[in-house]
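If you want the building blocks of each chain, they are given just below.
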Amino acid sequence: MQENIKSMARGFMCGYCFAQSGYDIVFADHSETRHVYGDLLEGKAIAVLKCRNCRMLNLLVFSVKEEDFGGSMEESELEPFLAEHPHVLSPGFSEEEGSIAPMWIELMGQYPHGFKLSRDVPVTIRYDLEEAGDCLAVGASNAAAVMCGRAIERLAADFGIKPDKTMMLGAMLGELKDRKLVSEDLFNAMSEVKEWRNIGAHPGKDDQGIELSQAQKIVEFTYLLVEQVFPRRDIHKVKDELKQMRNKK
Ligand SMILES: [Zn+2]
């Protein structure tokens, strides 16, 4: 289990100090519960990593999955297989049948969510995004998408759309577009997050909501989107300062 965590936590970023200066695993374990017929009902793995920079504890949560691959394997192939699949906890190898049914772990999320944003990102947007990331660790995928929508709403306000309690996010984005305050690319990206926010916030026909893997992607996308916006606007700010200085010459 420790080896599984080590290979999966490569590049670990502390959610407190955002350092990537290494960690010690202070706890790691997994458990699963089975149906009477042997099917895996639910499984979770938990690892607590202590940051070597600030000594704070970070929690990593994994789901435990199991599947009969239907394939066959020689015993000699087992070791290379495990080396190539560091997320596999046990191969479920049956010597008699030569079959494998691996049980593996898949990262749900980290608490606190470790993702460093540029200092130029306003603190309110930063908090919304951190909360969105925190939701992943507990599998709150709809809530994660709603928090991403909230960050987009703040972003729209930061671009000059006055937040109004009666104004829906869609209307705010429409105004951004009409007033040409953002590029078409950025408008489309913000609208994509809004669509997912709507799925997460409102019960739909199928009521399936958002899957965790989708929420992970939405959170990653919103972080990237916000990261792209602020350094770009920073360039404008510095350019204006330089221009003013030049004009005074
Ligand atoms: Zn730290």
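Note that this is a predicted model, so its numbers are computed, not measured.

Caption draft 1: Representation of the overall build of the protein chain in the model. The helix and strand tally for the protein chain stands at 7 helices and 5 strands. When the elements of the protein chain are put in sequence order from the N terminus, they spell out α-β-β-β-α-β-β-α-α-α-α-α. Radius of gyration (C-alpha) of the protein chain: 23 Å, far over the 18 Å computed for a compact globule of 249 residues. Across its three principal directions, the C-alpha atoms of the protein chain cover 80 × 50 × 30 Å. Taking all 249 residues of the protein chain together, the buried fraction comes to 37%.

Caption draft 2: Layout of the pattern of salt bridges. All chains considered together, the criterion is met by 10 salt bridges. Of the charged contacts, one joins Arg 34 and Glu 66 as a salt bridge, the two residues approaching to 3.0 Å between their closest N and O atoms. Of this pair, Arg 34 sits in strand S1 (residues 23–34) while Glu 66 sits in strand S3 (residues 57–66), and the two are 32 residues apart along the sequence. A relative accessible area of 40% places Arg 34 in the partly exposed class. A residue is classified by how much of its surface remains accessible, and Glu 66, at 31% relative accessible area, is partly exposed. Among the ionic pairs, Glu 106 bridges to Lys 65, the shortest N-O distance being 3.0 Å. Of the two residues, Glu 106 sits in strand S5 (residues 103–111) while Lys 65 sits in strand S3, which places them 41 residues apart along the sequence.

Caption draft 3: Region of the structure containing helix H4 (residues 141–158). Its 18 residues give H4 an end-to-end C-alpha distance of 26 Å, which sits within 8% of 26 Å, the value for a rise of 1.5 Å per residue. Within H4, the full set of buried residues consists of Ser 141, Ala 144, Ala 145, Met 147, Cys 148, Gly 149, Ala 151, Ile 152, Leu 155 and Ala 156. Downstream of H4 by one or two residues, Gly 160 has phi in the positive range, about 115 degrees.

Caption draft 4: Looking closely at the coordination of the zinc ion. Looking at the zinc ion, the protein donor atoms are Cys 14 (SG), Cys 17 (SG), Cys 51 (SG) and Cys 54 (SG), and they sit 2.3 to 2.4 Å from it. Considering all 4 donor atoms around the zinc ion, the spread of angles at the metal, 106 to 114 degrees, places the coordination shape in the tetrahedral class. Along the chain, the residues donating to the zinc ion are arranged with the sequence spacing C-x2-C-x33-C-x2-C. Look at Cys 51 and you get buried, because its relative accessible area is 1%. A residue is classified by how much of its surface remains accessible, and Cys 54, at 27% relative accessible area, is partly exposed.

What counts and what doesn't
- Residues numbered from 1 in each chain as written.
- Predicted model: local features only at pLDDT ≥ 70, side-chain atom pairs only at ≥ 80, totals over all residues.
- Heavy atoms only, no water.
- Helix = DSSP H or I, 4+ residues; strand = E, 2+ residues; numbered from the N terminus.
- Rg over C-alpha atoms; globule rule 2.2 N^0.38 Å.
- Buried < 20%, exposed > 50% of the residue type's maximum accessible area, 1.4 Å probe, protein only.
- Salt bridge = Lys/Arg side-chain N within 4 Å of Asp/Glu carboxyl O.
- Expected span 1.5 Å × (residues − 1).
- Donors = N, O, S within 2.8 Å, 3.2 Å for Na, K, Ca; no water.
- Tetrahedral: all angles 85-135°; square planar, octahedral: opposite > 155°, others 65-115°.

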